[in-house]
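Commentary on secondary and tertiary structure
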Amino acid sequence: MKITFLDGALGTMLQARGLMPGECPEDWNISHPEILQSIHGEYYDAGSNIVSANTFGANSLKYHGKHSLKEVICAGVKIARGAAEKGQGRLVALDVGPTGRLLKPAGDLDFERAYEAFSESVRYGVEAGVDLILIETMSDTMELKAAVLAAKENSSLPIIATVALDESGKLLTGGSVESVAVLLESMGVDVCGLNCGLGPDKMLPFLKRLSKSTNLKIAVKANAGMPKIVDGKTVFSVGPEEFALYAKELVNAGASYIGGCCGTTPSHIAAVKKALDDTIPSSREETRETVISSGATTQALHPGEGLIIGERINPTGKKKLKEAYLKGDTAYILREAISQIEAGAKILDVNCGVPGIDEASVLDSTISAVQGVCTIPIQIDTADAKALEKALRHVNGKALVNSVNGKQESMDGVFPLVKKYGGTIVALCLDENGIPDSSDGRIEIAKKILAEGKKYGFEEKDFVFDALTLAVSTDSNAAIVTLETVKRLTEELNVNTVLGVSNVSFGLPNRPRLNNAMYTLACKAGLSAAIANPSVISACDDPLAFDVLNGRDKNCERWIAENQQAPSVQTPTGGESNEDDFSFLRLSIKRGIKDDAYSIAEKLSRSFDSMKIIQEGIVPALEDVGSGFETGKVFLPQLLMSADAAGAAFDAVKKAMASNPNGEQKRKGKPIVIATVKGDIHDIGKNIVRALLENYGFDVIDLGRDVAPEKIVETAKKTNAMMVGLSALMTTTVGAMAETIRLLRKENLPCKICVGGAVVTQEYADEIGAHFYAKDAMRAVRFAETLIDEGL
């Protein structure tokens, strides 16, 4: 296998040919086809095997140009195809970029709406004759998943999918390199990788991590460094020869598809081609780990580790949880989820099997709500095929799927869904004949499931086998067979295992004690995970319990005699009844539970001054979450959910203020004007800054996106703003940021200027005359607070 060469930046080239700030690049497919064909031709001549059509922003949520979406996509593909036909072996990719909006629950965009937008673009691209689909610059795993599904369900073409990282190696929504790798490999893309956001030197360590996390081929399109101003023009720091040297390191680290992003030109690609033309991609060690993921984190399963899958969001035997599902009490469910994580659960089982509810809808919404406040992976637990498909489609990450069994009907129903959406399959060692009495019978069923799974491309690492736990009260050999099966699954079939350990104690007194003993013995036999209550389960040294499980206590007589008077163990429910209401409020905000935050703040408003609630309840919670975000302990979705919870608490306080004429909350300082600069329609970062500033008590005037410099200056002057916040995501629009600052300076306004965005750096902020560079939203808040301290 040889290196595949991609193209470089199209936006950089279009700017050099006259594309103006704020002008829609895709409209040039109609107005300047000859220029685009020339640029594509230069990249092909430089050595690119694959060139992307000018369709990066061509989706119905983002494109607002002069023509129809179909027109610009078909024209863009036709132009690239015209350049490709002048040589041999040249391929054209449909370039699929992000929508510029954040998906729920962190944002307001519905998953299916994003999917529809991407699907439409893919259909037009396929109709126009593209050879493959390149999904790039994604910063949210949910949006990435929507785009990949759109490509899979609307074409049969190869898929390359790449994401944009920040300097810490995280997506905008907190996802890690590893979580991206696990998701994309599970969904069956052909190539995964990294693009934009970083220069080749900064991208290298993250590429190395990616290479260890996936068996997929890897694509890399780094920036030519970061932008800076030279003689009034935006330039990039890494030239062609230096870029080619870095490209060698990227290939040595695992990349086999190499191109460039912002600031790269045909000269960069030519230099890379010359340096790597005869290079064979480095061999990589194949990963065999069983790994699942959420949108932010991954969790590997290993024999003998016995990690806990929290069982408390399963209504079986839980009256209060059943009532919560029937009443739509999401807050109760979220408290259960969070309390399990705090108790040590590494994965959360979510089951909504309550008679009388629409299980598909409730399971879908429950998983979304749980993932809004929790970062650990999910186990989808349902026997309803409709519910399973909907949950698999919308879950963020690669989930555990509970479950399949040896019945052909079961495998025929579950395997295609997991193949389509991704997942790791929990496989039960039972079939049409029930649960075998021997480990031999259960092992044979496991072999049958593995063989059937291979027909779909599944490997041993794609399964976690349940040896099945039965009650020792009715069969003294039950635990012996289960433990032997766990050991044999681990050693003979080389698979991971899981057990619902509590079944073993059914019908006996002091069940938690016996469950702990079963858990201990199972871990020694090689158990990878246990579905259990994390607040109760633990390893132990209990000779009598071990005797029961090993069949040495006939009819459990000694156990019953010793334990029949044992007190029952109360299961924690996640409540903090010993803490005062202010502590409850702070905890609800930090956990991101809106309903609780509102009701507690409302209750406090009946007894306490509004400012006391804000200063001692709401603001300290936001401070804690903000500090966690700044130190990398809290991710963006959790930050936004906490901000929403704080907003709900503020609403309750405002409601109380309305009945008290003297209680109106004063906003901090003078107004703050924020905007995404002219030509840039990406407003995710700006919206996050607005939400946090408002929750910190600032008066924010949000001018929206694609805002002309003159309007920003006019608003700042009219409102006597103390601060102007400017955001830009695209290299083609940073010039508009510089122009806005120039006009603000020309008017000699007293406001301070804060800038941020994916392509903005401290150096660039200094060059264009900004007072402050906000690397993230919390730093913008911190800067605004310093202005208050300075008396602005």
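Residues numbered from 1 in each chain as written. Predicted model: local features only at pLDDT ≥ 70, side-chain atom pairs only at ≥ 80, totals over all residues. Heavy atoms only, no water.

Considerations on the overall build of the protein
Counting its regular elements, the protein contains 29 helices and 25 strands. Its C-alpha radius of gyration of 29 Å places the protein within 12% of the 28 Å reference for a compact globule of 792 residues. Projecting the C-alpha coordinates of the protein onto the three principal axes gives extents of approximately 90 × 75 × 40 Å. The long-range share in the protein, meaning contacts at least 24 apart out of those at least 6 apart in sequence, stands at 76%. Of the roughly 30,800 Å² of accessible surface on the protein, 49% is carried by carbon and sulfur atoms. Averaging the coordinates of the 86 positive side-chain charges in the protein and doing the same for the 103 negative ones gives two points 2 Å apart. (Helix = DSSP H or I, 4+ residues; strand = E, 2+ residues; numbered from the N terminus. Rg over C-alpha atoms; globule rule 2.2 N^0.38 Å. Contact = heavy atoms within 4.5 Å. Areas by Shrake-Rupley, 256 points an atom, 1.4 Å probe, with all protein chains shown as cover. Lys, Arg positive; Asp, Glu negative; His and termini not counted. Charge placed at Lys NZ, Arg CZ, Asp CG, Glu CD.)

Focus on the domain arrangement of the protein
In terms of domain boundaries, the protein breaks down into domain 1 (4-276), domain 2 (290-563), domain 3 (580-658) and domain 4 (668-789). Each of domain 2 and domain 3 was reduced to a C-alpha centroid, and the two centroids are 35 Å apart. Listed as interface residues are twelve residues of domain 2 and, on the opposing side, nine residues of domain 3. In this assembly, domain 2 packs against domain 3 so that about 860 Å² is buried in total across both faces, 60% of it on carbon and sulfur atoms. Of the charged contacts, one joins D596 and R335 as a salt bridge, the two residues approaching to 2.6 Å between their closest N and O atoms. Contributing elements (two or more residues each) for the side of domain 2 that touches domain 3: α12 (330-342) and α13 (359-373). When residues in the side of domain 2 that touches domain 3 are grouped by element, the largest group, five residues, is from α12. Here the residues of the side of domain 2 that touches domain 3 are counted per class, giving six nonpolar, four polar and two charged. (Domains from an automatic or database assignment. Buried area = accessible area lost by both parts, 1.4 Å probe. Salt bridge = Lys/Arg side-chain N within 4 Å of Asp/Glu carboxyl O. Nonpolar A, V, L, I, M, F, W, Y, C, P; charged D, E, K, R; others polar.)

Some details on the layout of surface pockets
When its volume is computed, the second largest pocket comes out at roughly 1,200 Å³. Around the second largest pocket sit 41 residues that line it, and E311, T316, K318, S502 and N503 are the ones nearest its centre. Mapped onto the lining of the second largest pocket, the elements with two or more residues apiece are β13 (307-313), α11 (319-327), α12, β15 (378-381), β16 (400-405), α18 (511-525) and β20 (529-532). Among the residues forming the lining of the second largest pocket, the class breakdown is 14 nonpolar, 17 polar and ten charged. (1 Å grid on protein atoms, 1.4 Å probe; cavity = no way out; pocket = protein on both sides within 12 Å on 5 of 7 lines; lining within 4 Å. Points joined across faces, edges and corners; volume = space filled by probe spheres on them.)

A short note on the packing of helix α15 (residues 408-421) against helix α16 (residues 439-454)
Contact pair α15 / α16: the axes reach a minimum separation of 11 Å and the direction vectors enclose 40°. The pairing of α15 with α16 is recorded here as oblique in orientation. Taken as a pair, α15 and α16 cross one another with a handedness that is right-handed. Residue-level inspection shows Q408, M411, D412 and F415 of α15 in contact with α16, the latter providing I449, E452 and G453. (Axes fitted to C-alpha atoms, helices over the stretch in contact; angles between N-to-C directions. Parallel < 35°, antiparallel > 145°, perpendicular 65-115°, else oblique. Left-handed = near helix turned anticlockwise from the far one by under 90°.)

A few points about the sheet that holds strand β4 (residues 132-138)
Here we have eight strands laid out as an open sheet, ordered β1-β10-β7-β6-β5-β4-β3-β2, and parallel in their pairing. Unpaired on one side and paired on the other, β1 (4-5) and β2 (50-52) mark the two borders of the sheet. In the sheet, β4 pairs with strand β5 (residues 159-163) via four bridges, with the strands oriented parallel. Across the sheet, L134 pairs through a bridge with I160, a residue of β5. Each of β2 and β3 (91-96) is contacted by helix α3 (residues 33-46), which is oriented at about 155° to β2, the strand it contacts most. Against the sheet, helix α8 (residues 200-213) engages β6 (191-195) and β7 (217-222), with an angle of about 165° to β7. (Pairing = 2+ DSSP bridges.)

Details of the packing of α3 against helix α10 (residues 266-276)
Put simply, α3 and α10 touch, their axes get as near as 8 Å, and they point 15° apart. Taken as axis vectors, α3 and α10 run roughly parallel relative to one another. Once α3 is placed against α10, the crossing between them reads as right-handed. The residues of α10 that touch α3, namely those facing E42, Y43 and A46, are P266, I269, A270 and K273.

Focus: the pairing of strand β11 (residues 290-293)
Of the two faces of β11, the one lined by T290 and I292 and the one lined by V291 and S293 are each fully buried. Of the pairings in the sheet, the one linking β11 to strand β12 (residues 298-301) comprises four bridges and is antiparallel in character. What sits directly across from T290, in β12, is L301. (Buried < 20%, exposed > 50% of the residue type's maximum accessible area, 1.4 Å probe, protein only.)

Regarding the side chain of Q371
With respect to the helices and strands, Q371 occurs in helix α13. Here the side chain of Q371 touches N396 through a polar contact of 2.8 Å, landing on its backbone nitrogen. Not counting the four nearest positions on each side in its chain, Q371 is found in contact with S294, I378, V395, N396 and Q638. (Polar contact = N/O pair within 3.5 Å; in protein donor to acceptor, adjacent residues only side chain to side chain.)

A look at the nonpolar core
Ranked by size, the top nonpolar core spans 181 residues in total, and within it I135, L144, I258, I380, F465 and V472 carry the most contacts. Three or more residues apiece are contributed to this core by two domains, here domain 1 (4-276) and domain 2 (290-563). In this view, I258 contacts I3, T4, F5, L6, V220, A247, L250, V251, V272 and L276; residues no more than four positions away in its chain are not counted. (Core = buried A, V, L, I, M, F, W, Y, C linked by side-chain atoms within 4.5 Å.)

Description of the side chain of T137
Along the chain, T137 turns up in strand β4. Once residues within four sequence positions are removed from consideration, T137 is found in contact with F56, P98, T162, A164, N195 and C196.

Focus on the pattern of salt bridges
Counting across every chain of the model gives 47 salt bridges. Between R81 and D131 there is a salt bridge, with the nearest N and O atoms lying 2.9 Å from each other. Highlighted residues: R81 in helix α4 (residues 69-84) and D131 in the loop between α5 (111-128) and β4, separated in sequence by 50 residues. In this structure, K420 engages E389 in a salt bridge whose closest nitrogen and oxygen atoms are separated by 4.0 Å. Of this pair, K420 sits in helix α15 while E389 sits in helix α14 (residues 385-394); the two residues are 31 residues apart in sequence, bridging distant segments of the chain. Residue classification places K420 among the partly exposed residues on the basis of a relative accessible area of 29%. Connected through salt bridges with shared partners, the residues E112, E153, E389, R393 and K420 form a single ionic network.

Re the sheet that holds strand β24 (residues 752-756)
Taken in spatial order, the five strands make up an open sheet running β22-β21-β23-β24-β25, and their pairing is parallel. Each of the sheet's edge strands pairs with one partner strand only, and the pair in question is β22 (698-702) and β25 (772-773). Docked against the sheet, helix α25 (residues 684-695) engages β21 (668-676), β22 and β23 (723-727), running at close to 155° with respect to β22. Against the sheet, helix α26 (residues 709-719) makes contact with β21, β22 and β23, and its axis sits at roughly 170° relative to β21, the strand it touches most.

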